[in-house]
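One-letter residues, chain by chain:
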Amino acid sequence: MRTTSRPRRAAVVATAVLAASTLLLTACSSSSDKGGEKGGGDANAKITLNVGDFGTFGYKEAGLYDEYMAAHPNITIKYDTVQDGQKYWDALTTHLASGSGLADVQAVEVGYIAQATNTLGDKFVDLGKTEGINPANWLDWKSKQATTASGALIGLGTDIGPMAICYRSDLFQQAGLPTDREEVAKLWAGDWSKFVDAGKRYQAQAPAGTFFTDSASGLFNAVLSAQPEQYSDASGKLVYKTSAGVKTAWDLSVAASQAKISAGLRQFQDPWNAAFANAKFATVVCPSWMTGIISKYSGDSGKGKWDVAAAPVSSNWGGAFLTVPKAGKHTKEAAALVAWLTAPEQQAKVFTKVGNVPSTVGGLQQPAVQGAKQEYFNNAPTGQIFAAAAQSIKPAPIGEQDGNVKTIITDNGILDIEEHGTDPAKAWSNVTKLVDDKTGH
């Protein structure tokens, strides 16, 4: 699920059962709810569970909220989904500090999970102590990301973001590039710099008004996600200024911008959304959750024209966790909901609906995942493509400030180059100043 803008994924504010319109739900449940407080009271008493998330987690789309409520007639689920993941996180940390204004269930994006475990860990329920939850059911590195130094499991993994490249075969054909997904993958196999080279080939014969890819910022995230060293070292120390991975990703994204192969759009914002329907770009770096976004915004006109090819290098971009704040009113019931939503069977349903790849071992092995093909994407075997990529992921260390640094680099530094033609050296200097101001590092 997801980047900080999400995901890792973009979404409009959505509401189930009753309207919820604040950035974070302003109450754990309505004052009329009785019973179930902190897991106590009458187990059959009617209660409301509020869920706060960002982007497209797929639970509504897959019908999971309705399914859960049908099986638990005493429970009503309300959910609030926001588009801007950075604003969501900033608001969530504020509410965690005050112990008020929290939903019963709160999503946390992977870029912020280190901050959640290191400095906010005592604000969340230890889900490892919840009946029926076994951390070993998730990919080992996924569970470790949400485990505090004291051994508390504060979040259950929702999805991961194994990488592919989504491309428009009609635009590739017009630009004289191959369209078969196996041949397309060969254009850039093994090296992201080959992806930029393919972009230059495309741009030389591009259909009027189109670009090879949507965003240099998106390319930055994709390239960096394959690097063994990213924003922080193994101790959690912020090292982005000297990181070889950050330099590689920065240089390639700048090269893409300067070669004019990028449409220069800010991902997950309205102009980017509209550009899908208008076929303004031929590729999108495509973690699994991106397929749901593409089909949503490209609409019927894009069906069968989009396809999916392997990425240059296996990597992970995005993913998230569901947590239960201790300040919530119905922590026991919330933990049970979180356990059910992240179980392999439910993760498989989400994948088939919106493309979010399971983070559980059992979820990845589900026939619905392994055999999945997406009609919208020219019947691409997305289950095989993304599951294979997932097996090769070697995640880099995550530090507390990684999410903040990523947002500043992409939404300030690279976007400044794309939109205003700012000199890359000047843009990088601005990035370091902003990061210093935000993080004190």
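Residues numbered from 1 in each chain as written. Predicted model: local features only at pLDDT ≥ 70, side-chain atom pairs only at ≥ 80, totals over all residues. Heavy atoms only, no water.

### Topic: unusual backbone geometry
So, step 1. The phi dihedral of Phe 268 falls on the positive side, at around 70 degrees, and the residue is not glycine.
So, step 2. The topology assignment puts Phe 268 in the loop between helix H9 (244–258) and helix H10 (270–277).
So, step 3. The backbone of Ala 279 shows a phi angle near 55 degrees, a positive value even though the residue is not glycine.
So, step 4. Position of Ala 279 relative to the elements: it lies in the loop between H10 and strand S6 (281–287). (Helix = DSSP H or I, 4+ residues; strand = E, 2+ residues; numbered from the N terminus.)

### Here's the deal with the confidence of the model for the protein chain
So, step 1. Across the protein chain, the average pLDDT comes to 90, with 90% of residues at or above 70.
So, step 2. Overall, residues 1–37 carries pLDDT values under 50, and its contacts beyond four positions in sequence, including any with other chains, amount to 167 contacts. (pLDDT = per-residue confidence, 0-100. Contact = heavy atoms within 4.5 Å.)

### Considering the environment of Val 324
So, step 1. Among the structural elements, Val 324 can be located in the loop between strand S8 (316–323) and helix H12 (331–341).
So, step 2. The sequence separation of Val 324 and Phe 124 amounts to 200 residues, and the corresponding C-alpha distance is 5.7 Å.
So, step 3. Apart from residues no more than four positions distant in its own chain, Val 324 is found in contact with Asp 104, Phe 124, Val 125, Leu 127, Ile 154, Thr 331, Ala 334, Ala 335 and Val 338.

### Some points on the domain arrangement of the protein chain
So, step 1. With domains assigned, the protein chain is organised as domain 1 (47–157 + 320–355) and domain 2 (161–316 + 374–439).
So, step 2. Between domain 1 and domain 2, the C-alpha centre-to-centre distance is 27 Å.
So, step 3. Contacts between the two partners involve 17 residues from domain 1, matched on the other side by 21 residues from domain 2.
So, step 4. Across the interface of domain 1 and domain 2, roughly 1,500 Å² is buried in total on both sides, 50% from carbon and sulfur atoms.
So, step 5. In this structure, the connection of domain 1 to domain 2 is made through two salt bridges.
So, step 6. As a salt-bridge pair, Lys 406 and Glu 109 come within 3.9 Å of each other at their nearest N and O atoms.
So, step 7. Remark: the boundary between domain 1 and domain 2 carries five residue pairs in polar contact (both at pLDDT 80 or more).
So, step 8. Those elements that place two or more of their residues in the side of domain 1 that touches domain 2 are helix H2 (85–98), helix H3 (113–118), helix H4 (140–145) and helix H13 (344–354). (Domains from an automatic or database assignment. Buried area = accessible area lost by both parts, 1.4 Å probe. Salt bridge = Lys/Arg side-chain N within 4 Å of Asp/Glu carboxyl O. Polar contact = N/O pair within 3.5 Å; in protein donor to acceptor, adjacent residues only side chain to side chain.)

### Things to note about the state of the cysteines
So, step 1. Summed over the entire model, instances satisfying the criterion amount to one disulfide.
So, step 2. Note on cysteine connectivity: Cys 166 is disulfide-linked to Cys 286, with sulfurs 2.1 Å apart. For the disulfide bridge between Cys 166 and Cys 286, the dihedral angle about the S-S bond is near -55 degrees, and by the sign convention the bridge is left-handed. Within this pair, whereas Cys 166 is found in strand S4 (residues 156–168), its partner Cys 286 is found in strand S6, the two being separated by 120 residues in sequence.
So, step 3. A relative accessible area of 0% means that Cys 286 is categorised as buried. (Disulfide = S-S within 2.5 Å. Buried < 20%, exposed > 50% of the residue type's maximum accessible area, 1.4 Å probe, protein only.)

### Observations regarding the pairing of strand S3 (residues 105–109)
So, step 1. Along S3, five of the five residues are buried, which leaves the element largely enclosed by surrounding structure.
So, step 2. Alignment of strand S1 (residues 47–54) against S3, held across two bridges, turns out to be parallel. Bridge pairing in S3 places Val 51 opposite Val 105.
So, step 3. The pairing of S3 with S8 spans four bridges and is classified as antiparallel. For Glu 109, the partnering residue across the bridge sits in S8 and is Ala 320. (Pairing = 2+ DSSP bridges.)

### Some remarks on the layout of surface pockets
So, step 1. In this structure, the largest pocket occupies an estimated 440 Å³ of space.
So, step 2. Every element with two or more residues in the lining of the largest pocket is listed here: H4, helix H8 (216–224), S8 and helix H17 (402–420).
So, step 3. Here the lining of the largest pocket gathers at least three residues from each of two domains, domain 1 (47–157 + 320–355) and domain 2 (161–316 + 374–439).
So, step 4. What the second largest pocket holds in volume is close to 350 Å³.
So, step 5. Lining the second largest pocket are 18 residues, with Ala 114, Lys 144, Gln 145, Pro 397 and Ile 398 sitting closest to its centre.
So, step 6. Secondary-structure elements contributing two or more residues to the lining of the second largest pocket are H3 and H4.
So, step 7. Sort the elements by how many residues they give to the lining of the second largest pocket and H3 lands first, with four residues.
So, step 8. Here the lining of the second largest pocket is composed, by residue class, of eight nonpolar, seven polar and three charged. (1 Å grid on protein atoms, 1.4 Å probe; cavity = no way out; pocket = protein on both sides within 12 Å on 5 of 7 lines; lining within 4 Å. Points joined across faces, edges and corners; volume = space filled by probe spheres on them. Nonpolar A, V, L, I, M, F, W, Y, C, P; charged D, E, K, R; others polar.)

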